Amino acid sequence: MTIPAPIAHTVQQTQEWLKELRDNADFETETIALSVLRVVLHQLRDRLTPEEAVQLGAQLPTVLRGVYYEGWRPARTPERIRSREQFLEAIETKLLPRALPVERVVKDVFALLAHHCDPGEISQVIDQLPSGLKGLWPANAVTYRARL
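Predicted model only: the values in this text are computed from it and were never measured.

(A) Representation of the overall build of the protein. The number of helices and strands found in the protein is 9 helices and 0 strands. In sequence order, the secondary structure elements of the protein are arranged as α-α-α-α-α-α-α-α-α. Radius of gyration (C-alpha) of the protein: 15 Å, near the 15 Å computed for a compact globule of 148 residues. Its C-alpha atoms give the protein principal-axis dimensions of about 50 × 35 × 30 Å. Per-residue burial for the protein yields a buried fraction of 42% across its 148 residues. Once local pairs closer than 6 in sequence are excluded, the contacts in the protein between residues at least 24 apart make up 66%.

(B) Molecular detail of the pattern of salt bridges. One pass over the full model with this rule turns up 9 salt bridges. One salt bridge in this structure joins Arg38 and Glu70, with 3.0 Å as the shortest N-O distance. Placement of Arg38 in helix H2 (residues 30-45) and of Glu70 in the loop between helix H4 (62-69) and helix H5 (84-95) is noted, with a sequence separation of 32 residues between them. Judged by relative accessible area, which is 40%, Glu70 ranks as partly exposed. When the shortest N-O distance is used, the salt bridge between Asp108 and Arg104 registers 3.7 Å. Here Asp108 pairs with Arg104, and both are found in helix H6 (residues 102-116), just 4 residues apart, close to one helical turn. Here Arg104 falls in the partly exposed class, since its relative accessible area comes to 38%.

(C) Representation of the packing of aromatic side chains. In this structure the tally under the stated criterion is 4 aromatic pairs. For the ring pair Tyr69 and Trp72, a centre distance of 5.5 Å and an interplane angle of 40° mean the geometry is tilted. Using a relative accessible area of 27% as the deciding quantity, one classes Tyr69 as partly exposed. One aromatic cluster is present, built from ring pairs that chain together Tyr68, Tyr69 and Trp72.

Thresholds applied
- Residues numbered from 1 in each chain as written.
- Predicted model: local features only at pLDDT ≥ 70, side-chain atom pairs only at ≥ 80, totals over all residues.
- Heavy atoms only, no water.
- Helix = DSSP H or I, 4+ residues; strand = E, 2+ residues; numbered from the N terminus.
- Rg over C-alpha atoms; globule rule 2.2 N^0.38 Å.
- Buried < 20%, exposed > 50% of the residue type's maximum accessible area, 1.4 Å probe, protein only.
- Contact = heavy atoms within 4.5 Å.
- Salt bridge = Lys/Arg side-chain N within 4 Å of Asp/Glu carboxyl O.
- Phe/Tyr/Trp six-rings, centres within 6.5 Å; stacked < 30°, edge-to-face > 60°.

Listed below in structure tokens is the structure:
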């Protein structure tokens, strides 16, 4: 069976993203990288307006876009978060039973997004987040945002 080129391309892109996250976060496998990416993407998505969540989703490889939209209920977003700690605790709980340095893995996922997504889109995402979460993004994403 021949795999259509668009499907092969998105699978390759997804593998590249997962390998990059695995290497940068020092995960043992791409399976762990996918698990972490899923949790962080869901937490981020649920804190954005539906319109902004869709715009961010459009930046993802098709396979990861499916992961991103899994279980999404746009009518319930954006969820309010009170602090950076609440955001990180929600992620930490969803990563169990894995005990990972949650702030570091969030920063690694945000760095991955900033590396692969349009800087203007990332700027719009950052603008929707409370100030405590903006510091989790890499400096170059925040610097771009400041130039706009």
